[in-house]
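# Breakdown of the fold
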Amino acid sequence: MIATKTAIFLDRDGTIIADKNYLKDPSGVELLPEARDAISSLKSAQCMLFLFSNQSGVGRGIISMDDVYRCNLRMMELLGHGSNIFDAICIAPESPDDTPVYRKPSPRFIVEMVEKFDLSKENCYMVGDKESDVLAGINAQINAILIAPDGEVKTSLFEHQENKGTRVFPSLFEFSKWLIGKIQGDPKIRR
Ligand SMILES: [Mg+2]
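These remarks concern the structure in this document. Note that this is a predicted model, so its numbers are computed, not measured.

Basis of the calculations
- One numbering rule holds for all chains: residues counted from 1, following each sequence as written.
- Only residues with pLDDT of 70 or above have their local features reported here, since the model is predicted, and side-chain atom pairs are shown and tallied only from 80 upward, although totals for entire chains, interfaces and linings are computed over all residues.
- In computing side-chain values, all of the structure's heavy atoms are included and hydrogens and water are not.
- Summary of the burial criterion: residues with accessible area below 20% of their type's maximum are buried, those above 50% are exposed, and those between are partly exposed, where the area comes from a 1.4 Å probe applied to protein chains only.
- Only DSSP runs of H or I reaching four residues or more are called helices, and only runs of E reaching two or more are called strands; each is numbered from the N terminus.
- When DSSP finds at least two bridges between two strands, those strands are taken to pair.
- Seen with the strands pointing away from the viewer, any crossover whose path from the first strand over the helix to the second strand runs clockwise is right-handed.
- Angles shown run from 0 to 180 degrees and are taken between the N-to-C directions of axes, each axis being a line fitted to C-alpha atoms and, for helices, limited to the stretch in contact.
- Angles are sorted into four bins: roughly parallel if under 35 degrees, roughly antiparallel if over 145, roughly perpendicular if 65 to 115, and oblique for all others.
- Crossing chirality is assigned from the near helix's rotation relative to the far helix, an anticlockwise turn below a right angle marking it left-handed and a clockwise turn marking it right-handed.
- Two residues form a contact once any of their heavy atoms are found within 4.5 Å.
- Charged residues are taken to be Asp, Glu, Lys and Arg, nonpolar residues to be Ala, Val, Leu, Ile, Met, Phe, Trp, Tyr, Cys and Pro, and polar residues to be all remaining types, Gly included.
- We define a salt bridge as a side-chain nitrogen of Lys or Arg found within 4 Å of a carboxyl oxygen belonging to Asp or Glu.
- Metal donors: N, O and S atoms at distances within 2.8 Å, or within 3.2 Å for Na, K and Ca, with water omitted from the atom set so that some sites may seem incomplete.
- Nine residue types can take part in a nonpolar core, namely buried Ala, Val, Leu, Ile, Met, Phe, Trp, Tyr and Cys, and a core is a set of them joined through side-chain atoms within 4.5 Å.
- Pairs were defined over the aromatic rings of Phe, Tyr and Trp, the Trp ring being its six-membered one, requiring ring centres within 6.5 Å. Orientation was assigned from the angle between planes: stacked under 30 degrees, edge-to-face over 60, tilted for the rest.
- Any Lys NZ or Arg CZ that is within 6 Å of a ring centre and within 35 degrees of that ring's normal is treated as a charge sitting over the ring.

## Structural notes on the pairing of strand β5 (residues 143-147)
- Within β5, five of the five residues are buried, which leaves it mostly tucked inside the rest of the structure.
- Burial along β5 is two-sided: the residues Asn-143, Ile-145 and Ile-147 and Ala-144 and Leu-146 are all buried.
- Sheet topology note: the strand β4 (residues 124-128)/β5 ladder contains four bridges and is parallel. Bridge pairing in β5 places Tyr-125 opposite Asn-143.
- As for the winding sense of the linkage, the β-α-β connection from β4 through helix α5 (residues 131-139) to β5 is right-handed.

Rendered as structure tokens:
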């Protein structure tokens, strides 16, 4: 029997790279500490990786989709796994005033990928630094992971019993260590 793939849906700003409002210039792309190692270890563990980023600056007319693509390319260059590192990329360009289509907390992209790649929801993780990331994961009924570098959790979502699958980590790297331990069935890792 072939084990189902583990799939990670990754937010970009504040999760992989430093969150600079409406990042336009690729030279401003800055990987967060150990993000490169985190991505490398998730790739080594044969996880599928998806990039899922809200870019309301496009909808607001502050940056263009082309700016986003160029920044993504720079990020992928810095990550060092080529430009096919992600199995699929979703850039949600809507501003908060637009009717949401893919904009998180909409689960639409996740739901589409689960269906397209026949993924098992219990092996899917939405990872991001905002409440909207966590909510997108919850709305898609997959695991939701909040990255909170300062340890401060700015959401009450975790208090609800029905959101018990949600977890908080200080960085993508710490999440990757935990997940790989879980995948490898390390008894020292709490599940
Ligand atoms: Mg973010």
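## Regarding the packing of helix α1 (residues 35-44) against helix α6 (residues 172-183)
- Between α1 and α6, whose axes approach to 8 Å, the crossing angle comes to 20 degrees. Taken as axis vectors, α1 and α6 run roughly parallel relative to one another. When you trace α1 past α6, the crossing you get is left-handed. Every residue of α6 that contacts α1 at Asp-37, Ala-38, Ile-39, Ser-41 and Leu-42 is listed here: Leu-172, Phe-173, Ser-176, Leu-179 and Ile-180.
- Here the residues of the contact of α1 with α6 sort into seven nonpolar, two polar and one charged.

## Re the pattern of salt bridges
- On inspection of all chains with the given rule, the structure shows 11 salt bridges.
- The closest approach of N and O atoms between Lys-130 and Asp-19, which form a salt bridge, is 3.6 Å. In this pair, Lys-130 sits in the loop between β4 and α5 while Asp-19 sits in the loop between β1 (7-10) and α1, placing the two residues 111 residues apart along the sequence.
- What makes Lys-130 partly exposed here is its relative accessible area of 42%.
- Residue class for Asp-19 comes out partly exposed when judged on its relative accessible area of 38%.
- One continuous salt-bridge network, built from bridges that share partners, spans Lys-24, Asp-66, Asp-67 and Arg-70.

## Observations regarding the coordination of the magnesium ion
- Only Asp-11 (OD), Asp-13 (O) and Asp-129 (OD) from the protein coordinate the magnesium ion, and they sit 2.1 to 2.2 Å from it.
- Sequence spacing among the residues donating to the magnesium ion works out to D-x1-D-x115-D. Taken together, the residues span a long stretch of sequence, with Asp-13 in the loop between β1 and α1 and Asp-129 in the loop between β4 and α5 at a distance of 116 residues.

## A closer look at the nonpolar core
- Counting 30 residues, the largest nonpolar core has Ile-8, Leu-10, Ile-16, Leu-49, Phe-86, Val-127 and Phe-175 as the members making the most contacts within it.
- If you list the elements that add at least two residues to this core, you get β1, α1, β2 (48-54), α3 (65-79), β4, β5 and α6.
- Among the elements that line this core, the one with the most residues is α6, at six residues.
- Residues in contact with Phe-175, not counting those within four places in the same chain, are Ile-8, Tyr-125, Val-127, Ile-145, Ile-147 and Phe-169.
- Of all hydrophobic cores here, the second largest spans 17 residues; its members include Phe-50, Met-113, Met-126 and Ala-140.

## Some remarks on the packing of aromatic side chains
- Within the structure shown, the criterion is met by 10 aromatic pairs.
- Between Phe-50 and Phe-109, the ring centres sit 6.2 Å apart and the planes meet at 80 degrees, which makes this aromatic pair edge-to-face. A residue pair is termed long-range when its members are at least 10 positions apart, and Phe-50 in strand β2 and Phe-109 in helix α4 (residues 108-116) qualify at 59 residues. Pair check on accessibility: Phe-50 and Phe-109 agree, each one buried.
- Here Phe-169 and Trp-178 contribute two aromatic rings whose centre-to-centre distance is 5.4 Å and whose plane-to-plane angle is 45 degrees, an arrangement assigned as tilted.
- Stacked on the ring of Phe-52, the Lys or Arg Lys-104 has its end atom at 5.1 Å from the ring centre.
- Across the ring face of Tyr-102, the terminal group of Arg-108 is positioned such that the distance to the ring centre comes to 4.9 Å.

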